[in-house]
Amino acid sequence: MINFVGAGPGAVDLITVRGMELLKKADVVIYAGSLVNPGLLDYVPSSAEIYDSAGMTLEEVMQVMIAAHRDGKEVVRLHTGEPSLYGAVREQMDILDREGIGYASCPGVSACFGAAADMNLEYTLPGVSQTLIITRLEGRTGVPEKESMQALASHGASMAIYLSAGMLERLSEELLRGGYTPDTPAAIVYKATWPEEKILPCTVKDLAETAKKAGVSKTAVVLVGRAVGTKDYERSKLYDPTFSTGYRAAKEE
């Protein structure tokens, strides 16, 4: 069997229990060495074959996976964070489909949620934002026109921006053109949940300067929106005594 497993944001204990158990019984592990915490390999049996995909092409990765599967081995393809986000998993799955090979996916915690946990953030504060946009700035990989940073910024929602830490001047410009004010709260979180994590609070206009001072140019998620820094929000109706739910009648004041 081939299992695509989300490694989580970095900390070795933030992989899911299911993901950990799959690693424990793996015969072959192919992991994204440039992004995945190598400490996760401690869960892997000493007898397992381990491949670092950082220096491999898609074809080379698939050759290892398919050969191992046909030899009856348990294969784990270990991706950083949550594989469905910028994980390039679909192209691997399509090849397996053509080969008639079965596979399964195990989700992982993405960096924006690891960052939120370490910052004690709530992206969806009532009266502030009820939407989290997960996106990236266009680079070598294109972005559909309707999903341009400027267009998405026009919503004023909370945003988690991946794969853009090396283009922060342009990111600020597009966010400002989209409607965020220069003093909109932001944060650059380098290696969220790793031991070397850096949390860099700033504003939209200061993104590039903040990253430069901290020496951060990659492996960071950028968080933007009023929810990142405000204490001014509405109380949730979920636990409001004046609000009825399917489990509790409203109490008169």
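Higher on the page you've got the structure.
These numbers come from a predicted model, not from an experiment.

J.: Can you break down the sheet that holds strand β7 (residues 158-162) residue by residue, with the values?
T.: In spatial order, the strands read β6-β7-β10-β8-β9; together these 5 strands make up an open sheet with mixed pairing. With partners counted over all chains shown, the strands left at the sheet margins are β6 (132-136) and β9 (198-203), one partner each. Adjacent strand axes in the sheet meet at a mean angle of 20° when their direction is disregarded. Pairing between strand β8 (residues 185-190) and β9: 6 bridges, direction antiparallel. Bridging across to β9, Ala186 finds its partner in Cys202. Packed on one face of the sheet, helix α7 (residues 207-214) meets β8, β9 and β10 (220-224) and runs near 150° to β9.

J.: A description of the environment of Thr219 should follow, citing residues and the corresponding values.
T.: Inspection of the secondary structure puts Thr219 in the loop between α7 and β10. Overall, the relative accessible area of 33% leaves Thr219 in the partly exposed class.

J.: Lay out the environment of Lys25 with the relevant residues and their values.
T.: Here Lys25 shows up in the loop between α1 (17-24) and β2 (28-31). Between the C-alpha atoms of Lys25 and Ala48, which are 23 residues apart in sequence, the distance is 8.9 Å.

J.: Would you mind going over helix α3 (residues 90-99) in detail, with residue names and values included?
T.: Restricting attention to buried positions, one finds in α3 the residues Gln92, Met93, Ile95 and Leu96. When α3 is viewed along its axis, its buried side chains cluster within an angular range of 160° and face the same direction. Residues of α3 that are buried in the fold lie against β1 (2-6), α2 (58-70), β4 (75-79) and β5 (103-106). In the segment just after α3, Gly100 is the residue with positive phi, at about 70°.

J.: Talk me through helix α6 (residues 168-178); I want residue IDs and the actual numbers.
T.: When we look at burial in α6, the residues that qualify are Leu168, Leu171, Ser172, Glu174, Leu175 and Gly178. Tucked into the core, α6 has its buried residues touching α5 (149-153), β7, β8, α7 and β10. Downstream of α6 by a residue or two, Gly179 has a phi angle that is positive, lying close to 130°.

Thresholds, definitions, all that
Residues numbered from 1 in each chain as written. Predicted model: local features only at pLDDT ≥ 70, side-chain atom pairs only at ≥ 80, totals over all residues. Heavy atoms only, no water. Pairing = 2+ DSSP bridges. Helix = DSSP H or I, 4+ residues; strand = E, 2+ residues; numbered from the N terminus. Axes fitted to C-alpha atoms, helices over the stretch in contact; angles between N-to-C directions. Contact = heavy atoms within 4.5 Å. Buried < 20%, exposed > 50% of the residue type's maximum accessible area, 1.4 Å probe, protein only. Arc of directions from axis to C-beta.

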